[in-house]
Amino acid sequence: MVDIIDGALFQRMVIHASASINAQKQAINELNVFPVPDGDTGTNMSLTIGTAAAEAKKKPAQSIGQAAATNASALLRGARGNSGVILSLLFRGISKGLKERETADGAVFAAALSEGVSAAYKAVMKPAEGTILTVSRLASVKAAETAHSQNSVEAVLEAAIAEGQIALADTVNQNPVLKKAGVVDAGGKGFLVILQGMLDELRGIAAPEGAEEAQDVKESADFAALSEEDITFTFDTVFIVRKTTDKSIEPFRAYLNSIGDSLVIGEDDEAFKVHVHTDIPGAALSEAQKYGTLELAKIENMRTQAQELAAGKQAQSTDDLEQIEAELEAQESGEGAIAPPEKKFGVVAVSAGAGMASVFKDLGVDGVISGGQTMNPSTEDILREIARTPAETVFVLPNNKNIIMAAQQCVGLIEGKEIVVVPTRTVPQGIAAMLVLDPDGDAESNAAAMEEARQNVRTSEITYAARNSDFDGFQIHEGDYMALAEGQLFGTDQSINALLERLAKSDLQQDAEFINIFYGEDVSEEQANEALEIFRAACPNAEITLLAGGQPVYYYMISAE
């Protein structure tokens, strides 16, 4: 039985805990439905404690107080998502409880756990029961009780985990969203995995070396049972601000609470980190700069993530530490500088696939951002491409309904550049808008013309069903091909050519003078030509063009004008 731990052992416990949750992150993702069903809690918690583990490997600590302080600082800056920020707050409180101590026994460690829970509850504007907060609170209470009778860190951790498991099992009864999906709280599960990893280190159990495969997951949420009404706000927004003033951030906390929910703020002497769900992330970032210098930000569309999970796909996320670091390095080297205006108009478009990108480039688009369905770029990604465009007015073509709001947040954020978002919902709409851009016109008339052009385009798409689900009231079976017409389900079939024929004979195509068929990366040239012949036979009066779009996700994107 390990009764006392020092700084070096605490660091090894954190490293072990990081490996443990990394091994189970996908299983935890499968549980994630609250506060929004975006399926990333395991990833966020793993990345968060992973930054602390990396720091622990680089900087050996002389005392447990020093180890805990270094750990808390790394967690604050590495915190991802709501669960990651709360995890960082729990460890920040633990750090406070271990401050200036050389070692910790069971009583000291239990008291530190209580400090962590207190810090987390204080930081969350509207604490909800049936979450990681509930699990950590009840676990810490049991830890304190155990320390009175058995002053051992190992005994305290063992008791905390056992009580936490009971609390976790009850979360499904405390939270209606969890009950609807039939799962326990993902954040609470992640916290117990971390505590178990720390305990395993004390007991000499080897740390896991890799992540579990998705098929090992025995428990998962029914994401299809959840609706978009379960998501109050669209954008999951996280950012770090380096303090430049001593004034209290409480007014800022109140402001964020007025424009969003799921608000958590972690703070130390030098910086604070914000997690909030809101529809206006640009406003949150602008207000934050009254308190300091914005260092890092990420914005994710939670509705899109939920839709992808409901369809059985992997939710796209910006939580990639290496990618973020590369972007920061690019900015520091000057790649993020604002290009001076060299012409009147410029255009930035979002598109997926080399073929689509080439089409936009040939039409005169200055910058193409890789993205689309399952790959929504953030406001920061779009803003960076706008800044690189050497024009007085930059038109932005989102080309996906889930990217429009992120693009609109860019308006007014770059001094000296007028940013106009044309709300194109599909790539064919974006192409139509580009075709009417008049370099000699004015911004207002061009915006009106582009808007009219995009409204005249009707788009059909053929994709696949990755799992059994309910879409627009229709039962979809795994492996089916799905046709969408203007975003609505047109039909399903196990034969893609049969589905193409039905689509070609529909009113959407029969009334068209021009039809463009863009085939995706998973379609061969031979298969694409079969699709072309199907449309030629069904639409003899239309001018039909076949183009290699190279887009992922969609086998075909078809525009009709």
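All residue numbers refer to position in the chain's written sequence, counted from 1. Given that the model is predicted, a residue must reach a pLDDT of at least 70 before its local features are reported, and side-chain atom pairs must reach 80 or more before they are shown or counted; all residues, however, enter totals for whole chains, interfaces and linings. Hydrogens and waters are ignored; side-chain quantities use all the structure's heavy atoms.

Turning our attention to the overall build of the chain. The way it works is that DSSP assigns letters per residue, a run of H or I at least four long becomes a helix, a run of E at least two long becomes a strand, and they are numbered from the N terminus. In terms of helices and strands, the chain carries 21 helices and 18 strands. Within the span of the chain, comprising 561 residues, buried residues form 55% of the whole. Reported accessibility uses the Shrake-Rupley method at a 1.4 Å probe radius. Residues are deemed covered only where the shown protein chains occlude them. Taken as a whole, the chain presents about 23300 Å² of accessible surface, with 47% of it coming from carbon and sulfur. Relative accessibility under 20% of the residue-type maximum defines a buried residue, over 50% an exposed one, and the middle range a partly exposed one, all with a 1.4 Å probe and only protein chains included.

Strands are labelled as partners when DSSP assigns at least two bridges between them. Taken together, the 6 strands give an open sheet; going across it, the order is β15-β14-β11-β18-β16-β17, and neighbouring strands pair in mixed fashion. Edge positions in the sheet fall to β15 (488-493) and β17 (543-548), since each of these pairs with one other strand and no more. Neighbour-to-neighbour, the strand axes of the sheet open up by a mean angle of 15°, direction not taken into account. With 5 bridges connecting them, strand β11 (residues 458-464) and strand β14 (residues 481-485) associate as antiparallel partners. Bridge pairing links T463 to M482 in β14. Residue contacts are counted whenever heavy atoms from the two residues lie within 4.5 Å of one another. In this analysis, axes come from line fits to C-alpha atoms, helices being fitted only over the stretch in contact, and the angle between any two N-to-C directions falls in the range 0 to 180 degrees. Its contacts with the sheet put helix α19 (residues 496-504) on β11, β14, β15 and β18 (556-560), and the angle it makes with β15 is roughly 140°.

The next subject is helix α7 (residues 153-174). Compared with the 32 Å implied by 1.5 Å per residue over 22 residues, the 30 Å span of α7 between its first and last C-alpha is a close match. Between the side-chain oxygen at the start of α7 and the backbone nitrogen of E154 there is a gap of 3.3 Å, and the oxygen is on S152. Given a helix with a known number of residues, its expected span is that number minus one, times 1.5 Å. A 3.5 Å cut-off defines polar contacts: any pair of N or O atoms within that distance qualifies, except that in protein one atom must be a possible hydrogen donor and the other a possible acceptor, and neighbouring residues in sequence count only when both atoms are side-chain atoms.

Two rings belonging to Phe, Tyr or Trp (six-membered ring only in the last case) form a pair when the distance between their centres is within 6.5 Å. Interplanar angles under 30 degrees mark stacking, angles over 60 mark edge-to-face geometry, and anything in between is tilted. By the definition in use, this model includes 5 aromatic pairs. Between F252 and Y291, the aromatic rings sit 5.3 Å apart at their centres with planes inclined by 35°, giving tilted as the arrangement. Here F252 is found in helix α10 (residues 250-259), whereas its partner Y291 is found in the loop between α11 (281-288) and β6 (292-301), with 39 residues between them in sequence. Take F252 and Y291: they sit in the same class, and that class is buried. Counting every residue linked through ring pairs, the aromatic cluster contains F239, F252, F272 and Y291. Geometry around Y291 places K247 over its ring, the cationic atom sitting 4.7 Å from the centre. Criterion for a charge above a ring: Lys NZ or Arg CZ within 6 Å of the ring centre, and within 35 degrees of the ring normal.

Here we come to the pairing of strand β7 (residues 343-351). Taken across its 9 residues, β7 has 7 buried, putting it largely inside the fold. With 6 bridges joining them, β7 and strand β9 (residues 391-397) adopt parallel strand pairing. Within β9, the residue paired with V348 across the bridge is V396. Summarising the sheet, β7 and strand β8 (residues 367-370) pair through 4 bridges and their orientation is parallel. When the bridges of β8 are listed, V350 appears paired with I369. Tracing the backbone out of β7, into helix α14 (residues 354-362) and back to the parallel element β8 gives a crossover that is right-handed. Whether a crossover is right-handed depends on one test, that the path from the first strand over the helix to the second runs clockwise when the strands point away from the viewer.

Taken in spatial order, the 4 strands make up an open sheet running β8-β7-β9-β10, and their pairing is parallel. Each end of this open sheet is capped by a strand with a single partner; those strands are β8 and β10 (418-421). Looking at each pair of strands side by side, their axes are set apart by 20° on average, direction ignored. Across 4 bridges, the pairing between β9 and β10 is parallel. Paired with V396 across the strands is V421, a residue of β10. Helix α18 (residues 443-455) rests against β7, β9 and β10 of the sheet, and its axis sits at about 15° to β9.

Counting 63 residues, the largest nonpolar core has I5, F10, L98, F109, L157, I194 and M198 as its most contacted members. It is helix α9 (residues 186-202) that provides the largest number of residues to this core, a total of 9 residues. In these notes, a set of buried Ala, Val, Leu, Ile, Met, Phe, Trp, Tyr and Cys residues joined through side-chain atoms within 4.5 Å is what counts as a nonpolar core. Grouped together as the second largest cluster of nonpolar side chains are 34 residues, V241, V276, A284 and I386 included.

Here we come to unusual backbone geometry. Phi at E100 takes a positive value of approximately 65°, unusual for a residue other than glycine. Here E100 shows up in the loop between α4 (81-97) and β2 (103-104). Accessibility expressed as a relative area gives 75% for E100, which makes it exposed.

Relative orientation of the contacting elements helix α6 (residues 132-149) and α9 amounts to 40°, with a least axis distance of 7 Å. One way to sum up the angle between α6 and α9 is to call them oblique. The segment α6 lies against α9, with I132, V135 and S136 engaging G187, G188, F191 and L192. Side-chain classes follow a simple rule in which Ala, Val, Leu, Ile, Met, Phe, Trp, Tyr, Cys and Pro form the nonpolar group, Asp, Glu, Lys and Arg form the charged group, and the remainder, Gly included, forms the polar group. A class-by-class count of the residues in the contact of α6 with α9 yields 4 nonpolar, 3 polar and no charged. For classification purposes, angles smaller than 35 degrees are called roughly parallel, those larger than 145 roughly antiparallel, those between 65 and 115 roughly perpendicular, and all remaining angles oblique.

This paragraph deals with the pattern of salt bridges. By salt bridge we mean one thing: a side-chain nitrogen of Lys or Arg within 4 Å of a carboxyl oxygen of Asp or Glu. Taken as a whole and judged by the stated rule, the model has 16 salt bridges. Residue R388 is joined to E385 by a salt bridge in which the shortest nitrogen-to-oxygen separation is 3.2 Å. Residue R388 and its partner E385 are both found in helix α15 (residues 379-388); the two are separated by 3 residues, about one turn of the helix. Between K505 and E501 there is a salt bridge; the shortest N-O distance is 3.1 Å. In the salt-bridge network here, residues are joined through shared partners; they are E154, E158 and R203.

This part is about the confidence of the model for the chain. Per-residue confidence from the predictor is reported as pLDDT, which spans 0 to 100. In the predicted model, the chain carries a mean pLDDT of 82, and the fraction of residues at 70 or more is 85%. Low confidence marks residues 324-328, where pLDDT is under 50. Its contacts with residues over four positions away, or in another chain, come to 7 contacts. Counted against residues more than four places away or in other chains, residues 330-335, with its pLDDT under 50, gives 6 contacts.

This part takes up the environment of E295. Position of E295 relative to the elements: it lies in strand β6. In the structure, E295 is positioned 55 residues away from I240 in sequence and 5.5 Å away in space, judged by C-alpha atoms.

Contact pair helix α5 (residues 106-123) / α7: the axes reach a minimum separation of 7 Å and the direction vectors enclose 40°. In terms of orientation, α5 and α7 fall into the oblique class. For the pair α5 and α7, the sense of crossing is right-handed. Two secondary-structure elements touch here, α5 through G106, F109 and A110 and α7 through V153, V156 and L157. Across the contact of α5 with α7, the residue classes tally to 5 nonpolar, 1 polar and no charged. Two helices crossing with the near one rotated counterclockwise from the far one by less than a right angle form a left-handed crossing, whereas a clockwise rotation gives a right-handed crossing.

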